[in-house]
Amino acid sequence: MAEDRPRGGPRPLVTRDRRGSRSTPSRPHSGDESPPAAGDEPAAHRIQRAYAVRARVYDWFARATASVGGVRAGCVRALDLDPGDTVVEFGCGPGVNVPALREAVGPTGHVVGVDITGAMLDRARGMTERRGWENVSFVQADATDPPIRSADAVLATFVTSLFPDPYAAVSGWCELADSVVIAAFAPRGSRPANAALSAFARLNGRLFDAGGGDPLDQLDARTAAAQRALADTAETVTEERYLFGTITMCAGYGCASDRCG
């Protein structure tokens, strides 16, 4: 359970003891996802393996495209961070968003990057060490089982489409912070962009669990499930579209009335 933040001050980062096994999750299920078939490789393992071999290329690509369309800058603005805040980024990868997040929280704030892939975190740590940032830390963990209990804000960019049940993951994040911002692919906005996105998803079918179905249908479903999680758990939700409507950014603020009592 997230701890209450004292009025007028930032919420400290509170970590969760991960040594014991977790009981059956109480988070709601989206109702859209089927349980994995027996013998299927867990999604976390697929993601870890795929991004480990692509860490160097992904780092270059993500940094080269960081400002395209204004998506990442829009996400940081939507977090509504104050100096001294603690922000957690799930699926931080090589740390592309870290400089903007650190600038938003200032030298007295704290940026925590969480990623399941060690190779990605190695590149993120290298970047922060070269810049001498002491208020940035990284944790190798599964974003669907967060290693923290509370923070001021949560960010996730292009991560929820990888989860078999994004509704449960995002609902869990909403228990940690007052502000949760997610950016995800929203197909059907532009034919050229969708053609490229569909080809990318098919080439990475195992990563996205695309199987033999339409990968754009699956991306649609997972983006919608993540958005429903914000709508069901936050008091206020805003949405912005980028790059001809093929990327959506949703921000949830506050706690839904049935969870705040």
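For every chain, the first residue of the written sequence is number 1, and numbering continues from 1 along that sequence. With pLDDT at 70 or above as the cut-off, local features in this predicted model cover only qualifying residues; side-chain atom pairs require 80 or more to be listed or tallied, and sums for whole chains, interfaces and linings still use all residues. To get the side-chain values, all heavy atoms of the structure are used, and hydrogens and water are removed first.

Caption draft 1: Geometry of the side chain of Asn97. Numbering of helices and strands runs from the N terminus; a helix is a DSSP stretch of H or I covering at least four residues, while a strand is a stretch of E covering at least two. Mapped onto the elements of the fold, Asn97 is located in the loop between strand E2 (86-90) and helix H4 (98-105). Taking relative accessible area as the criterion, Asn97 reaches 3% and is therefore assigned buried. Here Glu89 takes part through its side chain, which lies 2.6 Å from a polar atom of the side chain of Asn97. Note on classification: 1.4 Å probe, protein chains only; a residue is buried when its accessible area is under 20% of the maximum for its type, exposed when over 50%, partly exposed between these limits. For this analysis, a polar contact is any N or O atom pair within 3.5 Å, provided that within protein one partner can donate a hydrogen and the other can accept it, and provided that sequence-adjacent residues contribute only side-chain to side-chain pairs.

Caption draft 2: Spotlight on the nonpolar core. One finds Leu79, Val87, Leu101 and Val181 to be the most contacted residues of the largest nonpolar core, which totals 27 residues. Looking at this core, the elements with two or more residues in it are helix H3 (71-79), H4, helix H5 (118-131), strand E4 (136-140), strand E6 (153-157), strand E7 (179-185) and strand E9 (247-253). Among the elements that make up this core, the one with the highest residue count is H3 (5 residues). What makes two residues a contact is simply this: any of their non-hydrogen atoms within 4.5 Å. With residues near it in sequence (within four places) discarded, Val87 still touches Leu79, Leu81, Leu101, Val105, His110, Val111, Val112 and Ala153. Definition used in this section: a nonpolar core is a set of buried Ala, Val, Leu, Ile, Met, Phe, Trp, Tyr and Cys residues joined via side-chain atoms within 4.5 Å.

Caption draft 3: Region of the structure containing the pairing of E6. In terms of residue burial, E6 counts as a mostly covered element, since 5 of its 5 residues are buried. In E6, alternate side chains face the same way, and those of Ala153, Leu155 and Thr157 on one face and Val154 and Ala156 on the other are all buried. Paired strands, in this sense, are two strands between which DSSP finds at least two bridges. Across 3 bridges, E2 lies against E6 in parallel orientation. The residue bridging Val87 from the neighbouring strand is Ala153, located in E6. Across 5 bridges, E6 lies against E7 in parallel orientation. Directly across from Leu155, in E7, lies its bridge partner Val181. With the strands aimed away from the viewer, a crossover counts as right-handed if its path from the first strand over the helix to the second runs clockwise. The parallel pair E6 and E7, bridged by helix H6 (residues 166-174), forms a crossover whose chirality is right-handed.

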